[in-house]
Amino acid sequence: MDNKTIFPSQIVFEQTEDHLHITFTTPFVSLSSAVFNGGFQDVNHLLNLKVPKKYCHHDTPANSLNNYCRQHQWKGLAVGMMTAASMKSLRIRQARVENIDILILVTAGLSNPRRAGDYAECRTLSTRSVTHDTINIILISTASFTSAAMVEAVMIITEAKAAALQTLNIKSPISNQLATGTGTDSVILATQKTAKLCIEFCGKHTLMGELIGQLVIEAVRDSIQWDRENNNYD
């Protein structure tokens, strides 16, 4: 965890070699692409789970994450992601504006950079993707967001991730063009369910959109730089 990170009282954070775990002490709602309880959810826990690079799915990812939560006796609904990236790649960026907290948490690995539209290894619509190093992004805000603003925030997160990869000149080995992510990225957005301030708009003309974009670019860039330095990726 970054030394200067101060989590608001609604958030309890835990980092180990195996996972990042967040507990919410007040009601939060999430929108995510997570393999475990993705979509819109009333959420109590967020989990980013480290798995081996050659992880074999003896069970579905969702069942594996569910069992992991049960083993740790985390009560309530959890939203979970997997990654082969090191938990040491975690980078956190935060801002506080008008008594609202915004936190970005990123873990990153670059074993499978891809550009949107690249030729896919999975050639049927029902094929389940495998777990690789990946860029997992969590955004938490103590403001409440409308559903539309949450979708807009995910758009900003995705554009900011692509911008960070562009700045680092990371290319897809498939197309040899600038990568826009990895083949297995995931994102979670969690916002306070009831708050004095409700965000209705989150585009690039708004302060919230600007802050999310800046924080994501910084966190993704720094996390990837750690991964490149420690794993010797080109």
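Refer to the structure printed above.
Small disclaimer: the values here were computed from a predicted structure and weren't measured.

A. Local environment of the overall build of the protein. A count of helices and strands for the protein gives three helices and twelve strands. By its C-alpha atoms, the protein is 45 × 40 × 35 Å across when sized along the principal axes. When burial is assessed residue by residue, the protein has 50% of its 234 residues classed as buried. Sequence separation of at least 24 residues holds for 77% of the intrachain contacts in the protein that already meet a minimum separation of 6. For the protein, the exposed surface amounts to about 11,700 Å²; the carbon and sulfur share of it is 51%.

B. Quick look at the pairing of strand S6 (residues 100-107). Burial of S6 is extensive: eight of the eight residues sit out of reach of the surface. The side-chain alternation of S6 yields two buried faces, one formed by Ile100, Ile102, Ile104 and Val106 and the other by Asp101, Leu103, Leu105 and Thr107. The loop that links strand S5 (residues 91-97) with its antiparallel partner S6 comprises two residues; one of these, Glu98, has a positive phi angle of about 50°. Bridge count between S6 and strand S8 (residues 136-141): six bridges; the pairing is antiparallel. Bridged to Ile104 within S8 is Leu139.

C. View of the nonpolar core. In this structure, Ile137, Phe145, Ile212 and Ile224 are the most contacted members of the largest nonpolar core, which totals 38 residues. Where this core is concerned, the elements lending two or more residues are strand S2 (19-32), S6, S8, helix H2 (147-167), strand S11 (186-192) and helix H3 (207-231). Once residues lying within four places of it in the same chain are set aside, the contact partners of Ile212 are Ile102, Leu139, Ala153, Ile156, Ile157 and Cys202. Counting residues in hydrophobic clusters, the runner-up holds 21 residues, among them Leu20, Ile22, Leu46 and Val79.

D. Spotlight on unusual backbone geometry. Despite not being glycine, Glu98 has its phi angle at roughly 50°, a positive value. Residue placement: Glu98 occurs in the loop between S5 and S6. Residue Asn99 is not a glycine yet carries a positive backbone phi of 65°. You can see Asn99 is positioned in the loop between S5 and S6. What makes Asn99 exposed here is its relative accessible area of 62%.

E. View of the state of the cysteines. Tallied over the entire structure, the rule returns zero disulfides. Counting only cysteine sulfurs, Cys198 is the nearest neighbor of Cys202, a cysteine outside any disulfide, at a range of 11 Å. Look at Cys202 and you get buried, because its relative accessible area is 0%.

Definitions and limits used
- Position numbers for residues count from 1 along each chain, tracking the sequence in the order it is written.
- Owing to the predicted nature of the model, reporting of local features is limited to residues with pLDDT of at least 70; listing and counting of side-chain atom pairs is limited to 80 or more, with chain, interface and lining totals taken over all residues.
- As a rule here, side-chain values cover all heavy atoms of the structure and leave hydrogens and water aside.
- Each helix is a run of H or I in the DSSP string that is no shorter than four residues. Each strand is a run of E no shorter than two, and both are numbered from the N terminus.
- Categorising residues by exposure relies on relative accessible area from a 1.4 Å probe, with only protein chains included: less than 20% of the type maximum marks a residue as buried, more than 50% marks it as exposed, and the intermediate range marks it as partly exposed.
- Every residue pair with non-hydrogen atoms within 4.5 Å of one another is taken to be in contact.
- Note on areas: Shrake-Rupley with a 1.4 Å probe; residue coverage comes only from the protein chains shown.
- In short, DSSP must find at least two bridges between two strands for them to pair.
- Here, the term nonpolar core denotes a set of buried Ala, Val, Leu, Ile, Met, Phe, Trp, Tyr and Cys residues that are joined through side-chain atoms within 4.5 Å.
- Only a pair of cysteine sulfur atoms within 2.5 Å counts as a disulfide in this structure description.

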